[in-house]
Amino acid sequence: MSNILLVEDDEALGLAIEFSLKNEGYEVIRASSVKEAKHQYDHHTFDLIILDIGLPDGNGYDLCVHFKKHSDTSVVFLSALDEEANVVMGLDIGGDDYITKPFRVKELMSRVKVQLRKQALLKTTSMILTSENIKIDMNLVKVYKNQESVPVTNSEYKLLLAFMMNAHKALKRDELLLNMTDGDEVFFDENTLSVYIRRLRDKVEDDPQNPQFIVTQRGLGYRWNKDVSRE
């Protein structure tokens, strides 16, 4: 049974979402402030965090950064802030998905299932991929650069995995999007993919402005430009 932390300060909405999640068989702990969310996070283990941005004692952006410093737990933003800049910021700081209010409960449940399936898949895979100074340990779900751990979100991990498992192959944007969603309905668009590509380059490239690993194939998509060995 999956454990979910729901951070939402709107009492009525929080209760409705909690009811829907529990109806799907999930264990849910609800918090309505940054302080309470951090307390629950410190005392429980969660498989997913659903996070509002506007909170009475802070904001969900800072809370997401706090969570991601301590674990790779998936974070789904749930916010009335629907401007592109807000969405990009949420994804750029480590969010795995971003849903704008108002939303349909069915859509939320679908996205929750996508994130939980991703985590379950990552836990069952066993292999190590190495490309020069970059390594993915698929058993531990860890990424390393120069033998030092690199913090990545689940979506960044899936994107890097798609690249390294298809080294030297030009991958179209829609192929990469499908890899990031495990073949489920695609919730990301091409602009979102560009954000993830930039974030991943910042983490694996020595010079992100002159990438050597993730290169752009004009008119096609992107390609992992180095050899990859498997253990």
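Residues numbered from 1 in each chain as written. Predicted model: local features only at pLDDT ≥ 70, side-chain atom pairs only at ≥ 80, totals over all residues. Heavy atoms only, no water.

## Remarks on the nonpolar core
Counting 29 residues, the largest nonpolar core has Ile136, Tyr157, Leu159, Phe163, Leu176, Ile214 and Trp224 as the members making the most contacts within it. Residue assignment for this core shows that the elements contributing at least two residues are strand S9 (134–137), helix H6 (154–164), helix H7 (173–180), helix H8 (190–204) and strand S14 (221–224). Once you skip the residues sitting within four places of it in the chain, Leu176 turns out to touch Leu159, Ala162, Phe163, Leu171, Leu193 and Tyr222. Counting residues in each nonpolar core, the second largest holds 18 residues, with Leu5, Phe46, Leu51 and Leu55 among its members. (Core = buried A, V, L, I, M, F, W, Y, C linked by side-chain atoms within 4.5 Å. Buried < 20%, exposed > 50% of the residue type's maximum accessible area, 1.4 Å probe, protein only. Helix = DSSP H or I, 4+ residues; strand = E, 2+ residues; numbered from the N terminus. Contact = heavy atoms within 4.5 Å.)

## Here we look at H6
In terms of residue burial, H6 counts as a mostly covered element, since eleven of its eleven residues are buried. For H6, the complete set of buried residues consists of Asn154, Ser155, Glu156, Tyr157, Lys158, Leu159, Leu160, Leu161, Ala162, Phe163 and Met164.

## As for the sheet that holds strand S15 (residues 229–230)
Spatially, five strands are ordered S11-S10-S9-S8-S15 in an open sheet, and the strand pairing comes out antiparallel. Each having just a single partner strand, strand S11 (148–150) and S15 make up the two edges of the open sheet. Pairing between strand S8 (residues 128–131) and S15: two bridges, direction antiparallel. Bridge pairing links Thr130 to Ser229 in S15. (Pairing = 2+ DSSP bridges.)

## Some words on the environment of Lys69
Of note, Lys69 is situated in helix H3 (residues 60–70). For Lys69, a relative accessible area of 67% gives the class exposed. Note: C-alpha distance between Lys69 and Lys226 (157 residues apart in sequence) is 29 Å.

## Re the pattern of salt bridges
Pairs may arise between side chains of opposite charge once their charged atoms sit close together. This structure, assessed with the given rule, holds 14 salt bridges. The closest approach of N and O atoms between Glu11 and Arg30, which form a salt bridge, is 3.5 Å. With a gap of 19 residues between them, Glu11 in helix H1 (residues 11–23) and Arg30 in strand S2 (residues 27–31) connect regions that are remote in the sequence. Taking the shortest distance from any N to any O, the salt bridge between Arg111 and Glu107 comes out at 2.6 Å. Placement of both Arg111 and Glu107 in helix H5 (residues 105–124) is noted, with a separation of four residues, approximately one turn of the helix. The exposure class of Arg111 is buried, given its relative accessible area of 9%. By relative accessible area, which is 25% here, Glu107 ends up partly exposed. The structure contains a network of salt bridges with shared partners spanning Glu11, Glu18, Lys22 and Arg30. (Salt bridge = Lys/Arg side-chain N within 4 Å of Asp/Glu carboxyl O.)

## Comments concerning the sheet that holds S14
The sheet built from three strands is open, its strands ordered S12-S14-S13 with antiparallel pairing. Edge positions in the sheet fall to strand S12 (171–172) and strand S13 (214–217), since each has one partner strand and no second. Across four bridges, the pairing between S13 and S14 is antiparallel. Paired with Thr216 across the two strands is Tyr222, which belongs to S14. Its contacts with the sheet put H6 on S12, S13 and S14, and the angle it makes with S14 is roughly 70°. (Axes fitted to C-alpha atoms, helices over the stretch in contact; angles between N-to-C directions.)

## A few points about unusual backbone geometry
A negative phi holds for most residues other than glycine; trans holds for most peptide bonds. Residue Pro102 is bonded to the preceding Lys101 through a cis peptide linkage, with omega at -5°. By the secondary structure assignment, Pro102 is in the loop between strand S7 (97–100) and H5. Despite not being glycine, Gln147 shows a phi value in the positive range, around 70°. Inspection of the secondary structure puts Gln147 in the loop between strand S10 (142–145) and S11. With relative accessibility at 79%, the residue Gln147 sits in the exposed group. Positive phi, normally seen in glycine, also occurs at His168, with a value near 70°.

The values are spatial; any link to function lies outside them.
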